[in-house]
Amino acid sequence: MAGTAQAHRDFLNRYYRLTRHVYDATRKFYLLGRDAALRDILDGNWQRLVEIGPGTGRNLQRLREARPLAHFGGVEASDAMLGHARKRLPWATLVHGFAEDADYTTLLGARPDVVLFSYCLSMVQDPRRALDHARRSLAPGGRVVVVDFGDLAGLPSIPRAMLRRWLALFHVAPLDPAVLAPHQPTLTHGPGRYYVIATLPPLP
Ligand SMILES: C[S@@+](CC[C@H](N)C(=O)[O-])C[C@H]1O[C@@H](n2cnc3c(N)ncnc32)[C@H](O)[C@@H]1O
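What counts and what doesn't
- Residues numbered from 1 in each chain as written.
- Predicted model: local features only at pLDDT ≥ 70, side-chain atom pairs only at ≥ 80, totals over all residues.
- Heavy atoms only, no water.
- Axes fitted to C-alpha atoms, helices over the stretch in contact; angles between N-to-C directions.
- Helix = DSSP H or I, 4+ residues; strand = E, 2+ residues; numbered from the N terminus.
- Parallel < 35°, antiparallel > 145°, perpendicular 65-115°, else oblique.
- Left-handed = near helix turned anticlockwise from the far one by under 90°.
- Contact = heavy atoms within 4.5 Å.
- Nonpolar A, V, L, I, M, F, W, Y, C, P; charged D, E, K, R; others polar.
- Pairing = 2+ DSSP bridges.
- Phe/Tyr/Trp six-rings, centres within 6.5 Å; stacked < 30°, edge-to-face > 60°.
- Buried < 20%, exposed > 50% of the residue type's maximum accessible area, 1.4 Å probe, protein only.

Relative orientation of the contacting elements helix α3 (residues 34-42) and helix α4 (residues 58-66) amounts to 40°, with a least axis distance of 11 Å. Judged on the interaxial angle alone, α4 and α3 are oblique. As α3 packs across α4, the resulting crossing turns out to be right-handed. In this structure, α3 uses R34, D35, L38, I41 and L42 to contact α4, whose residues at the interface are R58, N59, R62, L63 and A66. Split by residue class, the contact of α3 with α4 holds 5 nonpolar, 1 polar and 4 charged.

Listed below in structure tokens is the structure:
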């Protein structure tokens, strides 16, 4: 995967080098369901949370405001975003890595209770591998929480096709339900199945 991982990293760095400055202001209009996923996460007992692909750090910031004594980490494939998030979140442990194979079991001193993928899996090159890896990395009793573009099945066909084409320009593919299904997740869908929130248990 080394060559393709480097190509992905280069793409992300080109993409986010400038757009990271307007990221939070613009994405709030279409990265829907994130706050609902954060509310789900906050409705539970946990001490350690790792976000895969934290981007600007928007989600980690909100979670910390609500849970100031918890430990927060992140694994980010884009150097541009990583630098940005490190400045914004000096209290978090943020490292460069890829969702599919980064070892984050000791990032916070022990395995995470929660692994969060927020609009990240739809950009990851091998989302199946990333999910297996996340479930294997959890502390006993932990959970993986995913919020991302759903299969859009409830949208009319022309807007659905246009949205898929537009997302593909940015290397984003809405989540195929078949990627989540083997994990027997708890699922919530947004209107039109625009977004999906999935909660996955650790691997047995
Ligand atoms: C659409 S942004 C979402 C950022 C943030 N999670 C949010 O909800 O605002 C996707 C993030 O995932 C990162 N990313 C993409 N592929 C990745 C991978 N294979 N491993 C880790 N991070 C990745 C991108 O660099 C970017 O920061």
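Here the focus is the pairing of strand β3 (residues 93-96). Here strand β2 (residues 71-76) pairs with β3 via 4 bridges, running parallel. In the strand pairing of β3, V75 is matched with V95.

On to the packing of aromatic side chains. The way to describe two aromatic rings as a pair is by their centre distance and the angle between their planes. Tallied over the entire structure, the rule returns 10 aromatic pairs. Look at Y16 and Y23: their rings are 6.0 Å apart centre to centre, the planes differ by 70°, and that puts the pair in the edge-to-face class. Residue Y16 shares its accessibility class with Y23, and that shared class is buried. Judged by centre distance (5.8 Å) and plane angle (75°), the ring pair of F72 and W91 falls under edge-to-face. Here F72 is found in strand β2, whereas its partner W91 is found in the loop between α5 (79-88) and β3, with 19 residues between them in sequence. Take W91: its relative accessible area is 26%, and that puts it in the partly exposed class.

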